[in-house]
Amino acid sequence: GNPSRSNVDGFQCGGARAGTAECDTIPAKLPFGPTGWKTVYMDHFSLQASDYKREAAYYATLMNWKVRSDDGTKIVLDIGDDVGSVIVRGGYVAPPPQAPRPPAPGDSAVGGGRGGRGGRGGAGRAPIRAVWDSFCWGIEPWDTKKVEAELQKRGLNPVADHDGKDFQSFHVKDPDGFDLQISNGNKKNRRKGPANAPLPAAAPFEPTGWKTVWLDHISFAVSNYKESTAFYSALLGWKPTGDEGSQNECEIGDLGNIIIRGGGGGRAGAAGDTTGGRGGQAALPARRAVMNHIAFGISPWEADAVKAELDKRGLNARMDTGGPLDIHDEKTNYKSYHTTTPDGWDLQISNATRSSRTVR
C-alpha cells in the first residue's frame, strides 16, 4: 500500500511487512449481491454530547456550520453546501476509562503524532464526552417499497423512519451493529429555506469565517475492516481504493472518503480504542464500530493562517500531513490540523477539496 496511508494507529503494512500474514491484502468476498445503488447525498450524521448546546455552538462558530433548528432536545446544523447536516443531541455518558496501553513501536502518536492519517488526539487529551454514532446516506434510485424489499432480501431487517411525504428512510445494522440509515435524501428535499436559527449557546470565541467545503474522510474503526468494506461496497456502492492489509479507504461516490480500519488480515479488533482505533490489542468480546474522527476540508486554506486562527482562540493544533513530511515541505500535498472540541472529540480540518480528494 501507499506508505502515506500505511502509517496509522501504530501499525504499518508497507515496507518489510508488505505481503506478510498480518498484512493480508486479499479483500473479503461480498456478503450479498450488489444492490446497484449509488450514494448521492450525505444526509446527516448523528452526534451525541454531554453538553450538546455548547458543542453545537463550537462547530457553528469555528466551522461556520449553520443552525437550522433547535427544538430543545436536539439541534440540526447544516455543515456545508455539499456535505449535509449533523443532528446534535444531549445525554451522552462516557464509559469507564480504560487502562492506558504502552506505546507500540512505530506508534504515530509518539513524538508529536505526525505520522499517518490515523490522527490520534495525542497525549494529555481531555476526556471524550461526545460520540458521532450514526450516519445517513441518500441513495439513487429510490423507490420506498423496492428499497425495503432489497434490504429484506439481504437479511438486513430494515426499520422504517419516515418524516412526512418527502423524507423516506430505513435503518439497518452494519456488520458491527453500527446504525446505518439509508434515505431518499438529496439537496432539493432536505434543505428547504435558509438555516438561520440562533446559536443555542454563547459563541465560545470570535467566528473564523471559514467555510466547510468537503467531507475529507471519516476515520471508521471496525472489528474487521475487510468485512465492513465488502458490506458497504455491496450495499451502497462505495468504491474501495485498495486493501493494504490494515485498512481500506473507500470513495463515497462523489461525496468524500471513508477510511475503514481495524481487524482482518491477522490484526486484533481496533474498534475498542475510541481514541484512535489502534490495533495490537486483545480481540473484543463483542463487535463494535466507531467513528474516531472526521476530517473536513475548509476554505480558505493557508497552513500558517489556519494555525494562527486556532492559536488565537486557544485551541490545540496538531499537524497531520499523512506522513513524515512537515506541513511546510514543498513536497507535502496533504495538510491538516487536529483540534479538540469542548467535549473532547477529535476534529480534523484540512486543505482537501472535491477537486483534490486524492491530494494525499
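Keep in mind that this is a model prediction, so the values were computed, not measured.

Draft legend 1. View of the pairing of strand 3 (residues 74-80). The buried fraction of strand 3 is high, at 6 of 7 residues. Two strands pair when backbone bridges link them, and strand 2 (residues 66-70) and strand 3 are joined in this way by 4 bridges, in the antiparallel orientation. Following the sheet pairing, V67 is matched in strand 3 by L77. The loop that links strand 2 with its antiparallel partner strand 3 comprises 3 residues; one of these, G72, has a positive phi angle of about 90 degrees. Examined bridge by bridge, strand 3 and strand 4 (residues 84-89) share 6 bridges and lie antiparallel to one another. Paired with G80 across the bridge in strand 4 is G84. Here strand 3 folds back onto strand 4 in antiparallel fashion, the turn holding 3 residues.

Draft legend 2. Structural detail: helix 5 (residues 225-236). Here helix 5 is 12 residues long and its end C-alpha atoms lie 16 Å apart, about the 16 Å a rise of 1.5 Å per residue gives. Burial analysis of helix 5 places 10 of its 12 residues in the buried class, the great majority of the element. Those residues of helix 5 that fall on the buried side of the exposure criterion are Y225, K226, S228, T229, A230, F231, Y232, A234, L235 and L236. The residue sitting at the N-terminus of helix 5 and contributing the capping side-chain oxygen is N224; that oxygen lies 3.1 Å from the backbone nitrogen of K226. A positive phi of about 75 degrees marks G237, the residue just after helix 5.

Draft legend 3. Region of the structure containing the pattern of salt bridges. Tallied over the entire structure, the rule returns 22 salt bridges. A salt bridge links D166 to K192, with the nearest nitrogen and oxygen atoms 2.5 Å apart. With D166 in the loop between strand 6 (159-160) and strand 7 (169-173) and K192 in the loop between helix 4 (187-190) and strand 9 (211-221), this residue pair connects regions lying 26 residues apart in the sequence. Judged by its relative accessible area of 52%, K192 is exposed.

Draft legend 4. Spotlight on the packing of aromatic side chains. Inspection of every chain in the model, using the stated rule, returns 21 aromatic pairs. Relative to F231, the ring of F32 lies with its centre 5.9 Å away and its plane at 75 degrees, an arrangement referred to as edge-to-face. Here F231 lies in helix 5 and F32 lies in the loop between helix 1 (3-6) and strand 1 (38-49), a separation of 199 residues in the sequence. For R190, the ring lying beneath its charged end belongs to F167, and the centroid distance is 3.8 Å.

Reading guide: rules and limits
Residues numbered from 1 in each chain as written. Predicted model: local features only at pLDDT ≥ 70, side-chain atom pairs only at ≥ 80, totals over all residues. Heavy atoms only, no water. Buried < 20%, exposed > 50% of the residue type's maximum accessible area, 1.4 Å probe, protein only. Helix = DSSP H or I, 4+ residues; strand = E, 2+ residues; numbered from the N terminus. Pairing = 2+ DSSP bridges. Expected span 1.5 Å × (residues − 1). Polar contact = N/O pair within 3.5 Å; in protein donor to acceptor, adjacent residues only side chain to side chain. Salt bridge = Lys/Arg side-chain N within 4 Å of Asp/Glu carboxyl O. Phe/Tyr/Trp six-rings, centres within 6.5 Å; stacked < 30°, edge-to-face > 60°. Lys NZ or Arg CZ within 6 Å of the ring centre and 35° of its normal.

Don't take any of this as a statement about function, it's just geometry.
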